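Survey of secondary and tertiary structure
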Protein chains: 2
Amino acid sequence: MGKAIFYHAGCPVCVSAEQDILHLIPGNQVEVIHLGTDKSKITDAANAGVKSVPALVMPNGNVLHINFGASIADLQ
Amino acid sequence: MGKAIFYHAGCPVCVSAEQDILHLIPGNQVEVIHLGTDKSKITDAANAGVKSVPALVMPNGNVLHINFGASIADLQ
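Keep in mind it's a predicted model, so treat the numbers as computed, not measured.

Each value, and the rule that gives it
Throughout this document, residue positions are counted from 1 along each chain, in the order its sequence is written. A letter from A marks each chain and a number from 1 marks each ligand, given out in the order of writing. In keeping with the model being predicted, local features are shown solely for residues with a pLDDT of at least 70 and side-chain atom pairs are shown and tallied solely at 80 or more, while totals for entire chains, interfaces and linings include all residues. By convention in this description, side-chain values take in all heavy atoms of the structure and omit both hydrogens and water. In this text, helices come from DSSP runs of H or I with a minimum length of four residues, and strands from runs of E with a minimum of two, each type numbered from the N-terminal end. With a 1.4 Å probe rolled over the protein chains alone, any residue whose accessible area is under 20% of its type maximum counts as buried; one over 50% counts as exposed, and the rest are partly exposed. The contact rule is simple, with two residues in contact once any of their heavy atoms fall within 4.5 Å. Shrake-Rupley sampling with a 1.4 Å probe provides the accessible areas, and residues are treated as covered by the protein chains on show and by no other component. Strands pair, by our definition, only if DSSP identifies at least two bridges between them. By buried area we mean the combined loss of accessible area, with a 1.4 Å probe, across both parts when two parts are placed together. Note on definitions: salt bridges are taken to be side-chain nitrogens of Lys or Arg within 4 Å of carboxyl oxygens of Asp or Glu. Distance and chemistry together define a polar contact, namely a pair of N or O atoms within 3.5 Å, with one atom able to donate a hydrogen and the other to accept it when in protein, and with adjacent residues in sequence counting only for side-chain atoms on both sides. Three categories are distinguished: nonpolar for Ala, Val, Leu, Ile, Met, Phe, Trp, Tyr, Cys and Pro, charged for Asp, Glu, Lys and Arg, and polar for the others, with Gly belonging to the last. Fitting of the copies onto one another was done by least squares over C-alpha atoms, counting residues only where both copies have pLDDT of at least 70. Expected span of a helix: the number of residues minus one, times 1.5 Å.

Turning our attention to the overall build of chain A. From N to C terminus, chain A includes 3 helices and 4 strands. Secondary structure elements in chain A, listed N-terminal to C-terminal, are β-α-β-α-β-β-α. Here chain A holds 76 residues, and 42% of them are scored as buried. Restricting the contact set of chain A to residue pairs at least 6 apart, pairs at least 24 apart contribute 62%. Accessible area of chain A: about 3,700 Å², with a carbon and sulfur share of 54%.

Quick look at the structure:
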């Protein structure tokens, strides 16, 4: 399988999710693309089925759209 | 950091997302809990901030809610 691609747009939620994801997925298995600074990739993302960011496009073509919920730490 | 916890409920979308996630995250870094068969864990999940499944609860307490988009393969 190829790499997964994590698309984000640099918002605080995206960056937080990115850090979380990258803690768990080995770095050589995921490519991170910042659509805010690399606008040429937006078409690629859309063609891959990305409807919102952050999103993780799997090597098999599945797209996992990620909604970041409230952090427990923020609630305490 | 401790393990992440992947909560799901056995629906096809959950199972597909589970397979995707488990391909990327080393098995010793994620615990998988099926809330459909292990209902005693539902309260834990709710207390962790899980609003929908599938969801990935990070070791730092962040909750990533996952929406599975259409598979590219399904569109072709």
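Residues and elements named next belong to chain B. Most of strand β1 (residues 4-8) sits out of view: 4 of its 5 residues are buried. Two elements, β1 and strand β2 (residues 30-34), share 5 bridges in a ladder whose sense is parallel. Bridge pairing in β2 links His 8 to His 34. Of the pairings in the sheet, the one linking β1 to strand β3 (residues 55-57) comprises 3 bridges and is antiparallel in character.

By convention, interface size is frequently given as the accessible area that disappears when the constituent parts associate. Between chain B and chain A, the contact holds 29 residues from the first and 28 residues from the second. Regarding the contact of chain B and chain A, the summed buried area is about 2,300 Å², with carbon and sulfur atoms giving 60% of it. Counting the contacts that link chain B with chain A gives 0 salt bridges. If you look at where chain B meets chain A, you find 6 residue pairs in polar contact (both at pLDDT 80 or more). Going through the elements one at a time, α1 (12-24) and β4 (63-68) of chain B are the ones with two or more residues in the side of chain B that touches chain A. Residue composition of the side of chain B that touches chain A, by class: 16 nonpolar, 12 polar and 1 charged.

What follows concerns the side chain of A:His65. All names here are of chain A. Along the chain, His 65 falls in strand β4 (residues 63-68). On the basis of relative accessibility, which here comes to 5%, the residue His 65 falls in the buried class. Here Lys 51 takes part through its backbone nitrogen, which lies 2.8 Å from a polar atom of the side chain of His 65.

Attention shifts here to the relation of the copies chain B and chain A. For the pair chain B and chain A, the best superposition has an RMSD of 0.0 Å and corresponds to a rotation of 180° with a translation of 0.0 Å parallel to the axis. Those values place the two copies in the arrangement expected of a two-fold rotation axis.

An ideal rise of 1.5 Å per residue puts 18 Å on 13 residues; α1(B) measures up with 19 Å between its terminal C-alpha atoms. Along α1(B), the residues classified as buried are B:Cys14, B:Ala17, B:Glu18, B:Asp20, B:Ile21 and B:Leu24.

Residues and elements named next belong to chain A. If you walk through the whole model with that rule in mind, you get 2 salt bridges over all chains. Between Lys 41 and Asp 38 there is a salt bridge whose closest N-O contact spans 3.3 Å. Residue Asp 38 is classed as partly exposed on the basis of its relative accessible area, which comes to 25%.

By themselves, these are just geometric observations and shouldn't be taken as functional.
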